[in-house]
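Each chain, letter by letter, is given below.
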Amino acid sequence: GDSMKSLDTNILLYGTNQDCAEFVPANGVIEDALGKPEEWIVADQVYFELYRLLQNKIVLENPLTSLEAFETVSFFRNKSGWMHCCYETPFWSDAEEWMKKDIFSGKNVFDQKLAITLKNNGVQSFYTRNTKDFEHLNYFSVINPMEV
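About the thresholds
- Residues numbered from 1 in each chain as written.
- Predicted model: local features only at pLDDT ≥ 70, side-chain atom pairs only at ≥ 80, totals over all residues.
- Heavy atoms only, no water.
- Pairing = 2+ DSSP bridges.
- Helix = DSSP H or I, 4+ residues; strand = E, 2+ residues; numbered from the N terminus.
- Axes fitted to C-alpha atoms, helices over the stretch in contact; angles between N-to-C directions.
- Phe/Tyr/Trp six-rings, centres within 6.5 Å; stacked < 30°, edge-to-face > 60°.
- Buried < 20%, exposed > 50% of the residue type's maximum accessible area, 1.4 Å probe, protein only.
- Lys NZ or Arg CZ within 6 Å of the ring centre and 35° of its normal.
- Arc of directions from axis to C-beta.
- Contact = heavy atoms within 4.5 Å.
- Core = buried A, V, L, I, M, F, W, Y, C linked by side-chain atoms within 4.5 Å.
- Salt bridge = Lys/Arg side-chain N within 4 Å of Asp/Glu carboxyl O.

Q: Sorry, what's going on with the sheet that holds strand β1 (residues 4-7) here?
A: Working definition: the strands of a sheet are paired by backbone hydrogen bonds and lie parallel or antiparallel to each other. Reading across from one edge, β1-β4-β5 is the order of the three strands in this open sheet, with parallel pairing throughout. Taken across any chain shown, the strands that pair with only one partner, and hence form the sheet edges, are β1 and β5 (141-143). The sheet shows a mean angle of 25 degrees between the axes of neighbouring strands, direction not considered. Note that strand β4 (residues 123-127) and β5 share three bridges and pair parallel. Its bridge partner lying in β5, Tyr-127 is registered against Ile-143.

Spelled out as structure tokens, the structure:
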């Protein structure tokens, strides 16, 4: 598509849990994405993170079982119509560029990997609550739907 979009784990986590204060705006992003799946691509890394968080009793009052978490992830990855992408070996040179810089810190390494994956798969808009983890890269526009 003209403007490829993607979303972060937190959007899927909040948007599937009505107990979360952020449910309404996050769910709005999901509904938009389900309505125009050809405009959306989601990294497999996000699905692994979602699978983990859906079972975490610190994150959720009512954590899911492994099977329930799998079914949630499987719906988004296999039935939503969204495209998917993953980190590939040739992307390493992009990572090296950032690893040498002071702005880069170890705690951001997985966000960095995600951002490189998305950039190299044509993403132009990325929806996340954690905009500060991605803005400094200038890879794509970063949108926090909780602030809109």
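Q: Sorry, what's going on with the packing of aromatic side chains here?
A: Centre-to-centre distance and the angle between the planes together describe a pair of aromatic rings. Summed over the entire model, instances satisfying the criterion amount to seven aromatic pairs. A centroid spacing of 5.3 Å and a plane angle of 65 degrees characterise the contact between Phe-75 and Phe-76, whose relative ring orientation is edge-to-face. Between Phe-126 and Phe-140, the aromatic rings sit 5.5 Å apart at their centres with planes inclined by 55 degrees, giving tilted as the arrangement. Here Phe-140 lies in the loop between β4 and β5 and Phe-126 lies in strand β4, a separation of 14 residues in the sequence. Note on accessibility: Phe-126 and Phe-140 belong to one class, buried. Over the ring of Trp-98 we find Lys-101; its NZ or CZ atom is 4.2 Å from the centre of that ring. Taking the ring centre of Tyr-139 as reference, the NZ or CZ of Lys-119 above it sits at 4.8 Å.

Q: How do you make sense of helix α5 (residues 92-99) when you look at a structure like this?
A: An α-helix turns once per 3.6 residues; consequently, residues spaced three or four apart project the same way. Within α5 the residues assigned to the buried category are Asp-94, Ala-95 and Trp-98. Taken down its axis, α5 places every buried residue within 100 degrees of arc, on the same side. Close packing links the buried residues of α5 with α6 (109-119).

Q: Any chance you could explain the nonpolar core here in plain terms?
A: One recurring pattern in soluble globular proteins is that nonpolar side chains are buried together. By size, the foremost hydrophobic cluster in this structure holds 41 residues, and its most contacted members are Leu-7, Leu-12, Trp-82, Leu-118 and Phe-140. Ranked by residue count, the leading element in this core is helix α3 (residues 44-54), at five residues. Beyond its immediate chain neighbours, meaning those up to four positions away, Phe-140 contacts Ala-115, Leu-118, Lys-119, Val-123, Gln-124, Ser-125, Phe-126 and Phe-134.

Q: Teacher, can you tell me more about the pattern of salt bridges here?
A: Side chains that carry opposite charge are capable of pairing whenever their charged atoms lie near each other. Following the criterion strictly, the structure yields four salt bridges and no others. Across the pair Lys-5 and Glu-39 runs a salt bridge whose closest N-O atoms are separated by 3.0 Å. Residue Lys-5 is found in strand β1, and its partner Glu-39 is found in the loop between α2 (23-35) and β2 (41-43); the two are separated by 34 residues along the sequence. Judged by its relative accessible area of 22%, Glu-39 falls in the partly exposed class. One salt bridge in this structure joins Asp-44 and Arg-77, with 2.8 Å as the shortest N-O distance. Placement of the pair is Asp-44 in helix α3 and Arg-77 in helix α4 (residues 66-79), with a sequence separation of 33 residues. With relative accessibility at 26%, the residue Arg-77 sits in the partly exposed group.

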